[in-house]
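Here's the letter readout for the chains.
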Amino acid sequence: MDLWWLLWISLLFLVPFILMEISSGFKFHFKLVYYCAMCLLLSALAAPMCLLTNGGRTVNNMRIISRVVRTLKYFFGVRFEVKGLENFQIDGPCVIISNHQSILDMMGLMEILPDRCVQIAKKELMYAGSVGLITYLGGVIYINRKRTSDAKSIMAAVAQAMISDNLKVWIYPEGTRNNSGDLLPFKKGAFHLALQAQVPIIPVVYSSLTSFYNQKKNLFTGGTVKVEILPKIDTSGLTENDITDLTERCHQTMRQVFFRLSNKPYESNGQSNCAQ
Ligand SMILES: CCCCCCCC/C=C\CCCCCCCC(=O)SCCNC(=O)CCNC(=O)[C@H](O)C(C)(C)COP(=O)(O)OP(=O)(O)OC[C@H]1O[C@@H](n2cnc3c(N)ncnc32)[C@H](O)[C@@H]1OP(=O)(O)O
Ligand SMILES: CCCCCCCCCCCCCCCC(=O)OC[C@@H](O)COP(=O)(O)O
């Protein structure tokens, strides 16, 4: 009788591996679920560590969270080649903006996260189980993307907090994940925030993940991500009238670097020319 049980249980374990061999779609989704499960598990483990170490919601928990998230890359065979870390060596608050491709970006974010840096996130993330809890404990600021007026007032309050609490704020100006191999147009909130707080903007660019992570092709292997931290962009003296130009300038600069890091010919408005 025991032998039969043993046979059934081992078959049960073998089934996913057999399915992964015969179906790339299954393999892709299995790995994605594995990633989410790891995030949920690591969050559940990190939450008590944060509570015991720092007591509650504070940016200081980001030190614990980043240390834990940095281990994730080993489980998924992801490597980061970072350039320009010296550009993060600025005292005081700043707004950091970067491109956003997938939920894997959390590894790239935490790989280089500077001290005292929180992120702006969609409010739905608060309800993502233990991940929601850990983002709350880390001081993540939630916004409702569908209610611009609320988002604006939250960002105005963040501008005050940046100065009073010496906080850096990391924003994904595309406003959503985008694995298209190009950058979406930038939303303006990050630039309003930098002007309201009168702090510099530091652009960060991650190379395209499509060589090893591509939902359309059911591709999810390991790979190397090039990361470039660009020199800060000062906002002193700029006014609301400069927002659109500042947004455009950052978008174009980051797009050129994105194409260069991703070894793709740079197409500005459809023409091909060499990237920066
Ligand atoms: C231990 C293991 C753990 C493992 C798990 C990992 C855990 C890791 C822990 C912790 C890290 C967590 C990290 C999470 C990351 C999540 C990321 C996301 O969720 S990304 C989605 C949400 N982020 C955004 O959406 C930002 C970008 N969006 C903006 O900044 C927008 O501007 C926004 C939302 C503020 C408004 O969006 P609009 O759709 O209305 O678009 P617009 O064109 O920008 O604004 C419309 C008008 O409002 C003005 N406006 C925009 N923002 C303004 C402002 N702040 N003040 C004044 N005017 C503003 C603009 O100038 C524009 O006006 P005119 O067209 O120029 O006339
Ligand atoms: C108990 C309920 C658990 C529900 C399952 C939650 C699964 C958690 C997966 C955690 C993955 C790590 C955090 C990813 C943060 C992130 O990258 O969110 C996406 C947003 O940037 C943009 O959202 P979108 O506009 O949808 O692209």
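Residue numbering note: each chain is counted from 1, following its sequence as written. The naming scheme follows written order: chains are lettered A onward, ligands numbered 1 onward. Where local features are concerned, this predicted model is filtered to residues with pLDDT of at least 70; where side-chain atom pairs are given and counted, the filter is 80 or more; whole-chain, interface and lining totals use all residues. Water and hydrogen atoms were dropped before computing side-chain values, which therefore reflect all heavy atoms in the structure.

J.: Now, about the overall build of the protein: what can you tell me, with residues and values included?
T.: Counting its secondary structure elements, the protein contains 9 helices and 11 strands. Compactness check: the protein gives a C-alpha radius of gyration of 21 Å against a globular reference of 19 Å for 276 residues, within 12% of the reference. Overall, the protein is about 80 × 50 × 35 Å in size when its C-alpha atoms are taken along their principal axes. Think of it in three bands: residues with accessible area under 20% of the maximum for their type are buried, residues over 50% are exposed, and the middle band is partly exposed, with areas taken using a 1.4 Å probe on protein chains only. Taking all 276 residues of the protein together, the buried fraction comes to 47%. Summarising the internal contacts of the protein: among those between residues at least 6 apart in sequence, 73% fall at separations of at least 24. Put simply, DSSP H or I for four residues or longer makes a helix, DSSP E for two residues or longer makes a strand, and each gets a number counted from the N terminus. Values of the radius of gyration come from C-alpha atoms, whereas the globule rule sets the reference at 2.2 Å times the count of residues to the power 0.38. Note on contacts: a residue pair qualifies if any of its non-hydrogen atoms lie within 4.5 Å across the two residues.

J.: For the UniProt feature "transmembrane region" (unreviewed entry) in the protein, give the residues involved together with the corresponding values.
T.: UniProt positions are given in the numbering used here, feature names are shortened, and annotations may be inferred rather than shown by experiment. Taking the UniProt record as the reference, the feature "transmembrane region" (unreviewed entry) is found at residues 5-26, 32-53 and 125-143. The span residues 5-26 is 95% helical and 0% strand by assignment, and the distance between its end C-alpha atoms comes to 26 Å. Helix makes up 100% of residues 32-53 and strand 0%, with an end-to-end C-alpha separation of 31 Å.

J.: Outline the site of ligand 2, supporting the account with residue identities and numerical values.
T.: Within the structure, ligand 2 sits among 13 residues, and His 100, Lys 122, Arg 145, Thr 176 and Arg 177 are positioned closest to it. Whenever two N or O atoms come within 3.5 Å, that pair is a polar contact, provided that in protein one can donate a hydrogen and the other can accept it, and provided that, for residues adjacent in sequence, both atoms are side-chain atoms. Here an oxygen atom of ligand 2 and a side-chain polar atom of Arg 145 are 2.6 Å apart. For ligand 2, an oxygen atom lies 2.7 Å from a polar atom in the side chain of Arg 177. Methods summary: accessible areas were calculated by the Shrake-Rupley approach with a probe of 1.4 Å, and residue burial reflects only the protein chains presented. Taken by itself ligand 2 offers 730 Å² of open surface, and the protein chains cover 70% of this. Counting only elements with at least two residues in the shell around ligand 2, the list comes to helix H2 (24-54) and helix H6 (129-137). As a working rule, the residues Ala, Val, Leu, Ile, Met, Phe, Trp, Tyr, Cys and Pro are called nonpolar, Asp, Glu, Lys and Arg charged, and the rest polar, with Gly in that last group. Looking at the shell around ligand 2 residue by residue, the classes come out as 7 nonpolar, 3 polar and 3 charged. Neighbouring residues are identified by heavy atoms, a residue being near a molecule or strand if any of them is within 4 Å of it.

J.: Which residues make up helix H9 (residues 243-261), and what values do they have?
T.: What a helix is expected to span follows from its residue count: subtract one and scale by 1.5 Å. Counted at 1.5 Å a residue, the expected span for H9 with its 19 residues is 27 Å, and the 27 Å between its end C-alpha atoms agrees. Regarding H9, the residues found buried are Ile 243, Leu 246, Thr 247, Cys 250, His 251, Met 254, Arg 255, Gln 256, Val 257, Phe 258, Phe 259 and Leu 261. Contacts from the buried residues of H9 go to strand E2 (95-98), helix H8 (189-197), strand E6 (201-206), strand E9 (223-229) and strand E10 (266-268). Directly after H9, the chain includes Asn 263, whose backbone phi takes a positive value near 55°.

J.: Explain the side chain of Thr 235 to me, using residue names and the numbers behind them.
T.: Within the secondary structure, Thr 235 is located in the loop between E9 and H9. One polar contact links the side chain of Thr 235 to the main-chain carbonyl oxygen of Val 199, over a distance of 2.8 Å. When neighbours within four sequence positions are excluded, Thr 235 is seen to be in contact with Ala 194, Leu 195, Gln 198, Val 199, Pro 200, Ile 201 and Leu 246.

J.: Help me get a handle on the UniProt feature "domain: Phospholipid/glycerol acyltransferase" (unreviewed entry) in the protein, residues and values and all.
T.: Listed under "domain: Phospholipid/glycerol acyltransferase" (unreviewed entry) in the UniProt record, and renumbered for this structure, are residues 94-209. Structurally, residues 94-209 comprises 37% helix and 20% strand, and the distance from its first C-alpha atom to its last is 27 Å.

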